[in-house]
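Each chain, written out:
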Amino acid sequence: MDVLRKHRPEAGLYTFWDYRIPNALKRKMGWRIDYIFATPPLAQKCKSVWIDLDARTAEKPSDHTFLVAEFEM
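Read on for an overview of the structure. (Residues numbered from 1 in each chain as written. Predicted model: local features only at pLDDT ≥ 70, side-chain atom pairs only at ≥ 80, totals over all residues. Heavy atoms only, no water.)

This brings us to the packing of aromatic side chains. Considering all chains together, one arrives at 2 aromatic pairs under this definition. Aromatic pair Phe16 and Trp31: ring centres 5.6 Å apart, planes at 50°, arrangement tilted. Taken as a pair, Phe16 in the loop between α1 (3-7) and α2 (40-44) and Trp31 in the loop between α1 and α2 lie far apart in primary sequence, 15 residues in all. Taking the relative accessible area as the measure of exposure, Phe16 reaches 18% and is therefore buried. On the basis of relative accessible area, Trp31 is assigned to the partly exposed category, the value being 41%. Between the aromatic rings of Tyr35 and Phe37, the centroid separation amounts to 5.5 Å while the plane-to-plane angle is 5°, which identifies the pairing as stacked. (Phe/Tyr/Trp six-rings, centres within 6.5 Å; stacked < 30°, edge-to-face > 60°. Helix = DSSP H or I, 4+ residues; strand = E, 2+ residues; numbered from the N terminus. Buried < 20%, exposed > 50% of the residue type's maximum accessible area, 1.4 Å probe, protein only.)

This part covers the pattern of salt bridges. Throughout the structure, instances matching the rule amount to 4 salt bridges. Taking the shortest distance from any N to any O, the salt bridge between Lys47 and Glu70 comes out at 3.9 Å. Linking Lys47 in strand β1 (residues 46-52) with Glu70 in strand β2 (residues 66-71), this pair joins segments that are 23 residues apart in sequence. Looking at Lys47, the relative accessible area reads 45%, which means it is partly exposed. (Salt bridge = Lys/Arg side-chain N within 4 Å of Asp/Glu carboxyl O.)

Glancing now at unusual backbone geometry. Backbone geometry places Lys28, a non-glycine residue, at a positive phi of 55°. Relative to the elements of secondary structure, Lys28 occurs in the loop between α1 and α2. At Lys60, a residue that is not glycine, the phi angle is positive and equals roughly 55°. Here Lys60 shows up in the loop between α3 (53-56) and β2. Given a relative accessible area of 78%, Lys60 falls into the exposed group.

Structure representation (structure tokens):
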């Protein structure tokens, strides 16, 4: 199970924005290339999932950012 979709089913969630596309982040023109998959029992323990946009908006960032999940164990 894709734990991001468990919490956030909406479209427009990306983890990569190509530098060759001007203002790709602002224009919401990206790709989701990162996934966190879990078995159904583990997915039930997933409390939250987010895409760390702060890392992508920093000075001289990567074209890629983090997908983070928090599980209650």
